[in-house]
Amino acid sequence: MLTFPLSGSSSELVLNVLTMVLSQGKPLDRAYSHNFSGLKLEPSEQARITFVAGDILRRLNLYCFIVDIEQHEFDRLGSKLLNGWHLFHGLALPKMQYSLQVDQKQLNEKIEAAKLIPTLWDGCPEWLDTLGQAQLGDKWPAERAALTQAPRRFIRVNELKTNREKLMTSLAKEGVDTQIVATVDSALEVTSDSALFRTDSFQKGLFEQQDAGSQLVAAAVDAKPGMRVVDACAGAGGKTLHIAAQMQGKGRLLAMDIEQWKLDNLKTRAKRAGAHNVETRIIASSKTIKRLKLTADRVLLDVPCSGLGVLKRNPDSKWRDTAERLPVLIDLQKQIIDSYSRMVKVGGMLIYATCSIMPDENRNQVDRFLRDNPHFSLIEDETILVSEQGFDGFYLAKMIRNAE
Ligand SMILES: C[S@@+](CC[C@H](N)C(=O)[O-])C[C@H]1O[C@@H](n2cnc3c(N)ncnc32)[C@H](O)[C@@H]1O
């Protein structure tokens with residue numbers, strides 16, 4: 001949270017980032033990299049900018065409501081919204097070159113009115129509220145409220161190179177404060193506004209930035225040295241690298257995806273991490289999967305999903321997405337689990353995971369798979385709810401293949 005207002009130049013940056021997201025439809029991370037590139041921002045100032053932009057997007061409809069503007073008017077009236085944001089949080093107004101003023105009395109009346117509308121107070125678009133209610137029932141209001149919070153920063157210690165205590169010490173020497181996350185063995189929470197990627201510890205591959213919930217997913221794979229493991233939707237390898245550390249560099253770890261650029265990115269990260277047993281393979285057709293039939297001790301399917309568990313981090317997506325995307329994703333997840341589960345050998349484990357908290361993408365998908373594939377049985381599953389541990393929301397299910 002801010003204790004003093006943004007400077008004029010930081011306010012301009014927030015407005016530029018939000019205009020790219022809201023008026024040009026760009027993803028938030030791309031808007032940040034575009035606007036920050038070439039600037040020598042102090043890490044603490046960059047943290048303040050990302051906090052404000054992120055918070056505005058997490059509760060965009062609320063902030064628009066209290067200053068009486070429509071979302072599509074942001075490129076013209078953004079300065080009014082930013083002024084309203086400062087007043088809402090009890091801060092003085094930022095000194096912007098041109099800005100539209102807000103009537104404090106009207107703003108206070110609007111805030112009182114908004115407090116009576118929970119969905120508005122929690123920055124929730126209507127489609128998402130309807131979906132959340134239908135999927136999670138009584139649990140939804142707590143999740144909806146938790147998704148308004150700023151994401152915490154977590155890193156995963158790379159056990160191929162160091163351990164948590166040593167990493168804490170080296171980071172402290174570089175001015176990065178961290179604390180142990182008691183419930184996740186591999187995780188540290190970063191408690192200072194430091195620029196992590198500029199540290200020597202990062203360049204040496206001692207850690208990766210990874211949410212603690214995501215670390216619980218890779219931990220569930222429980223890969224052992226010498227095993228044959230497939231991470232079939234590996235992307236840029238967040239979980240692959242964690243699995244490589246579990247395997248202590250021994251055995252075969254195959255990282256697959258349909259996007260070559262992600263696998264290229266993964267190779268760079270694997271090199272930095274010293275994860276030498278990672279092999280990448282593009283999925284060019286169903287033959288790529290068929291060739292691996294009944295071969296793997298572990299298959300991780302971290303499938304494409306709605307991302308509704310990670311909205312704290314990616315709040316822009318809830319203003320772009322609609323409920324119509326969900327059935328399409330559920331169908332894709334069904335195709336992936338039905339086809340890719342063939343790679344698991346008898347006695348091997350299939351781990352299905354999403355970064356969603358919605359049962360239709362999670363337990364309902366797994367139940368349907370188990371009904372259609374009786375040679376698999378469920379070991380356990382877990383939904384990591386955003387409101388419970390303060391991590392991002394994830395789901396994971398561990399299944400075993402009992403027969404061909
Ligand atoms: C949730 S992301 C994976 C994130 C990654 N496991 C990590 O921890 O960083 C899902 C990935 O599935 C990939 N994907 C989409 N369709 C696929 C398919 N049919 N087969 C394999 N991967 C697919 C996407 O390119 C994306 O990288």
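In every chain, residue numbers begin from 1 and rise along the written sequence. Two thresholds apply to this predicted model, a pLDDT of at least 70 for residue-level local features and 80 or more for giving and counting side-chain atom pairs, whereas whole-chain, interface and lining totals are computed over all residues. Side-chain metrics rest on all non-hydrogen atoms present in the structure, leaving aside hydrogens and water.

## Digging into the sheet that holds strand 4 (residues 207-209)
- Two strands form a pair only when DSSP identifies at least two bridges running between them. Secondary structure counts use DSSP, requiring at least four H or I residues in a row for a helix and at least two E residues in a row for a strand, with both numbered from the N terminus. One open sheet accounts for four strands, arranged 2-3-1-4; its pairing is antiparallel. Every other strand in the sheet has two partners, leaving strand 2 (178-180) and strand 4 as the edge strands with one partner each. Looking at each pair of strands side by side, their axes are set apart by 35° on average, direction ignored.
- Its contacts with the sheet put helix 10 (residues 164-173) on strand 1 (153-157), strand 2, strand 3 (187-190) and strand 4, and the angle it makes with strand 2 is roughly 165°.
- In the packing of helix 12 (residues 212-221) onto the sheet, contacts are made with strand 1 and strand 3, and the angle to strand 1 comes to roughly 30°. A fitted line through C-alpha atoms serves as each axis, taken over the contacting stretch for helices, and the angle formed by two N-to-C directions is quoted from 0 to 180°. The criterion used for residue contact is that any of the two residues' heavy atoms lie within 4.5 Å.

## Side note on the environment of Q335
- Its location among the elements puts Q335 in helix 17 (residues 325-340).
- With 121 residues separating them along the chain, Q335 and S214 place their C-alpha atoms 23 Å apart.

## Section: helix 14 (residues 260-273)
- Expected span of a helix, by definition, is 1.5 Å for each gap between consecutive residues, and there is one gap fewer than residues. For helix 14, with 14 residues, the first-to-last C-alpha span of 20 Å sits near the 20 Å given by 1.5 Å per residue.
- If you check which residues of helix 14 are buried, you get L263, L266, R269, A270 and A273. Along helix 14, the residues classed as buried sweep out an arc of 115° about the axis, all on the same side. Along helix 14, exposed side chains directed more than 90 degrees from the buried face belong to W261 and K271.
- Those residues of helix 14 hidden inside the fold are in contact with strand 4, helix 13 (238-246), strand 6 (252-257) and strand 7 (278-282).
- Positive phi appears at G274, one or two residues downstream of helix 14, with a value of about 70°. Partly exposed describes any residue whose relative accessible area lies between the buried limit of under 20% and the exposed limit of over 50%, with all areas from a 1.4 Å probe on protein chains only and scaled to the type maximum. In this description, one arc is meant: the one made by directions from the helix axis to the C-beta atoms.

## Description of the nonpolar core
- Counting 42 residues, the largest nonpolar core has V14, V52, I56, Y63, I66, L81 and W85 as its most contacted members.
- Looking at this core, the elements that each hand over two or more residues are helix 1 (8-22), helix 2 (28-36), helix 3 (43-58), helix 4 (60-67), helix 5 (74-88) and helix 6 (104-115).
- We call a set of buried Ala, Val, Leu, Ile, Met, Phe, Trp, Tyr and Cys residues a nonpolar core when their side-chain atoms join them within 4.5 Å. Membership of the second largest hydrophobic core comes to 34 residues, among which are V221, M247, A353 and I384.

## So, the UniProt feature "binding site: S-adenosyl-L-methionine" (unreviewed entry) in the protein chain
- UniProt positions are given in the numbering used here, feature names are shortened, and annotations may be inferred rather than shown by experiment. The UniProt entry lists D257 and D302 under the feature "binding site: S-adenosyl-L-methionine" (unreviewed entry), expressed in the numbering used here. Look at the named residues: they lie 46 residues apart in sequence, but the longest C-alpha span between them is just 10.5 Å, so in the fold they bunch up.
- Residue placement: D257 occurs in strand 6.
- On the basis of relative accessible area, D257 is assigned to the buried category, the value being 9%.
- Polar contacts here mean pairs of N or O atoms no more than 3.5 Å apart (in protein, one a potential hydrogen donor and the other a potential acceptor; neighbouring residues in sequence count only if both atoms are side-chain atoms). A distance of 2.8 Å separates a polar side-chain atom of D257 from the backbone nitrogen of G235.
- Ignoring any residue separated from it by four or fewer positions in sequence, one finds D302 in contact with C233, K239, A353 and T354.
- Within the structure, D302 has its side chain in polar contact with the side chain of K239 (distance 2.7 Å).

## Considering the pairing of strand 8 (residues 296-302)
- Burial within strand 8 is extensive, with seven of its seven residues counted as buried.
- The sheet contact formed by strand 5 (residues 228-231) and strand 8 spans three bridges and is parallel. Paired with V230 across the two strands is V299, which belongs to strand 8.
- Of the pairings in the sheet, the one linking strand 8 to strand 9 (residues 344-354) comprises six bridges and is parallel in character. Directly across from R298, in strand 9, lies its bridge partner M349.

## Details of the state of the cysteines
- Disulfide: a pair of cysteine sulfur atoms within 2.5 Å of each other. Inspection of the entire model under this criterion finds zero disulfides.
- Looking at the unpaired C64, the closest cysteine sulfur is the one in C124, lying at 15 Å.
- Using a relative accessible area of 4% as the deciding quantity, one classes C64 as buried.
- The thiol of C305 is unpaired, and the distance to the nearest cysteine sulfur, on C355, comes to 3.4 Å.
- Given a relative accessible area of 13%, C305 falls into the buried group.

## Some thoughts on the UniProt feature "domain: SAM-dependent MTase RsmB/NOP-type" (unreviewed entry) in the protein chain
- According to UniProt, the "domain: SAM-dependent MTase RsmB/NOP-type" (unreviewed entry) feature falls on residues 143-404.
- Measuring from the first to the last C-alpha atom of residues 143-404 gives 40 Å, for a span that is 34% helix and 25% strand.

## With respect to the domain arrangement of the protein chain
- Delimitation of the domains relies on an automatic or database domain assignment. Segmenting the protein chain into domains produces domain 1 (8-123), domain 2 (153-209) and domain 3 (212-401).
- On the domain 3 side, the residues contacting the 13 residues of domain 1 number eight residues.
- A 1.4 Å probe defines the accessible area here, and the buried area is the portion of it lost by two parts on being joined, summed over both. Taken together, both faces of the contact between domain 1 and domain 3 bury some 730 Å²; the carbon and sulfur share is 59%.
- When residues of domain 1 are sorted by the area they lose upon contact with domain 3, L28, L57 and R58 head the list and together hold 50% of the total.
- Only one rule defines a salt bridge in this text: a Lys or Arg side-chain nitrogen within 4 Å of an Asp or Glu carboxyl oxygen. Counting the contacts that link domain 1 with domain 3 gives zero salt bridges.
- Inspection of the region where domain 1 meets domain 3 yields six residue pairs in polar contact (both at pLDDT 80 or more).
- At the level of secondary structure, the elements contributing two or more residues to the side of domain 1 that touches domain 3 comprise helix 3 and helix 4.
- Per-element tally for the side of domain 1 that touches domain 3: the top contributor is helix 3, with three residues.
- Polar here means any residue outside two lists: the nonpolar Ala, Val, Leu, Ile, Met, Phe, Trp, Tyr, Cys and Pro, and the charged Asp, Glu, Lys and Arg; Gly therefore counts as polar. By residue class, the composition of the side of domain 1 that touches domain 3 is five nonpolar, five polar and three charged.

## Quick look at helix 8 (residues 126-136)
- Residues of helix 8 that are buried: L128, D129, L131, G132, Q135 and L136. Within helix 8, the buried residues cover an arc of 165° as seen down the axis, which keeps them to one side. Among the exposed residues of helix 8, those pointing more than 90 degrees away from its buried face are E126, T130 and A134.
- Of the surrounding secondary structure, the elements contacted by the buried residues of helix 8 are helix 7 (118-121), helix 9 (140-146), helix 16 (317-320) and helix 17.
- Just downstream of helix 8, G137 is the residue with a positive phi angle, here 55°.

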